[in-house]
Amino acid sequence: MSTLRGTDITLSGLEPGTTHVFRVRGGTTTGGYSGWSALVNFTTPLPPTITCDPGHVKGMSDEGLPTCTACPAGTFGNATGLVAQANCTVCPAGHYCGLGASEPTSCAAGTVASTTGLATCLPCEAGTYQDDEGGTECKPCTLGGYCPIGSTIAKPCIEGSFGNVTGLTSQGGCHACPAGHACSLGATGPTPCAAGSVAPSESSDECSPCANGTFQGSEGEVACAPCTTGGSCPPR
């Protein structure tokens with residue numbers, strides 16, 4: 001008696017979710033035709049379905065399985081179910097977007113993003129500052145102060161010095177207060193000592209009153225004069 005011989009059939013290139021019908025004929029162990037046939041009806045399975053989180057887009061792995069891929073740095077995706085990298089949105093100026101960002105993040109004070117599509121914000125250069133979040137450009141450092149790299153506000157020139165130009169980058173750019181003048185913290189220029197007071201040396205933050213028995217009738221002087229004969233010079 002003849003027996004049927006099984007044969008494995010491998011099919012490729014079939015679209016998922018499609019239906020196919022094949023006619024199968026029986027054979028014998030002797031290689032002959034058994035005289036029977038059957039129709040085989042089957043549907044190719046659909047791949048597993050996934051929904052990608054914001055900041056990611058749906059893709060396909062080398063094995064044909066669905067995967068989620070992060071939006072590139074400099075872009076963001078604020079919705080679920082994105083299906084292509086083109087669905088990711090370019091990061092706006094004043095913000096940065098890291099890999100897989102779901103929303104743009106405002107640049108911190110002291111940093112800026114002057115163009116779109118940046119993955120990180122850049123620190124303000126020395127001589128400039130930015131005191132707000134989400135800035136697109138840095139501001140020149142203000143009078144009476146200096147701004148190191150990444151400044152959020154100008155640092156004041158120390159007492160006994162002044163800054164009379166914008167854009168200073170360090171305390172070294174502040175000028176020493178000249179003799180006969182005083183310069184308070186963050187001064188934009190030297191202030192002459194008032195009559196009756198003096199500043200004998202430079203870098204003074206305040207003027208000293210003339211001592212008893214001396215006087216000074218002019219502004220901006222460095223020394224007091226002895227009281228004139230017949231006059232009285234009480235302490236100021």
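No experiment lies behind these values; they were computed from the predicted model shown.

Definitions and cut-offs
Residues numbered from 1 in each chain as written. Predicted model: local features only at pLDDT ≥ 70, side-chain atom pairs only at ≥ 80, totals over all residues. Heavy atoms only, no water. Helix = DSSP H or I, 4+ residues; strand = E, 2+ residues; numbered from the N terminus. Buried < 20%, exposed > 50% of the residue type's maximum accessible area, 1.4 Å probe, protein only. Disulfide = S-S within 2.5 Å. Pairing = 2+ DSSP bridges. Contact = heavy atoms within 4.5 Å. Polar contact = N/O pair within 3.5 Å; in protein donor to acceptor, adjacent residues only side chain to side chain. Salt bridge = Lys/Arg side-chain N within 4 Å of Asp/Glu carboxyl O.

The helix and strand tally for the protein stands at zero helices and 22 strands. The buried share of the protein, reckoned over its 236 residues, is 26%.

Inspection of every chain in the model, using the stated rule, returns ten disulfides. Disulfide pairing is shown between C107 and C121; the S-S distance is 2.0 Å. Disulfide C107-C121: torsion about the S-S bond near -85 degrees, hence left-handed. Residue C107 is located in the loop between β8 (105-106) and β9 (111-112), and its partner C121 is located in the loop between β9 and β10 (122-123); the two are separated by 14 residues in the primary sequence. The exposure class of C107 is buried, given its relative accessible area of 0%.

Pairing analysis gives five bridges linking strand β3 (residues 56-60) to strand β4 (residues 66-70), with the strands arranged antiparallel. Note that in β4 the partner of V57 across the bridge is T69. Between β3 and β4, which pair antiparallel one after the other, the connecting turn spans five residues, and G64 there sits at a positive phi close to 85 degrees.

Next up on the list: the environment of C138. Among the structural elements, C138 can be located in the loop between β11 (128-129) and β12 (139-140). With a relative accessible area of 24%, C138 lands in the partly exposed category. Along the sequence, C138 and S114 sit 24 residues apart, while their C-alpha atoms lie 9.1 Å from each other. Beyond its immediate sequence surroundings of up to four residues, C138 is in contact with V112, C124, T128, Y129 and Q130.

Attention shifts here to the side chain of S204. Tracing the chain through its elements places S204 in the loop between β19 (197-198) and β20 (208-209). From its side chain, S204 meets the backbone oxygen of S201 in a polar contact 3.1 Å long. With near-sequence residues (within four places) excluded, S204 lies in contact with G160, C177, H181, A182, C183 and A199.

Below, the discussion takes up unusual backbone geometry. Glycine aside, negative phi is the norm for most residues, and most peptide bonds take the trans geometry. At S203, a position not held by glycine, the phi torsion is positive, near 65 degrees. When you line up the elements, S203 lands in the loop between β19 and β20.

This structure, assessed with the given rule, holds two salt bridges. A salt bridge links D131 to K139; its shortest N-O distance comes to 2.7 Å. Using a relative accessible area of 40% as the deciding quantity, one classes D131 as partly exposed. Residue D132 is joined to K139 by a salt bridge in which the shortest nitrogen-to-oxygen separation is 3.9 Å. Overall, K139 belongs to the partly exposed group, its relative accessible area being 29%. When salt bridges that share partners are traced, they join D131, D132 and K139 into one network.

By secondary structure assignment, the location of T128 is in strand β11. Residue classification places T128 among the buried positions, given a relative accessible area of 19%. Within the structure, the side chain of T128 is placed 2.6 Å from the backbone oxygen of E125, a separation counted as a polar contact. Excluding residues that lie within four positions of it along the chain, T128 makes contacts with C138, K139, P140, C141, C147, P148 and S151.

The subject of this paragraph is the environment of H95. Here H95 shows up in strand β7 (residues 95-96). The sequence separation of H95 and A119 amounts to 24 residues, and the corresponding C-alpha distance is 8.5 Å. What H95 contacts, discounting residues up to four positions off in sequence, is P104, T105, S106, C107, A113, L118 and C121. Polar contacts involving the side chain of H95 include one to the main-chain carbonyl oxygen of A93, which spans 3.0 Å.

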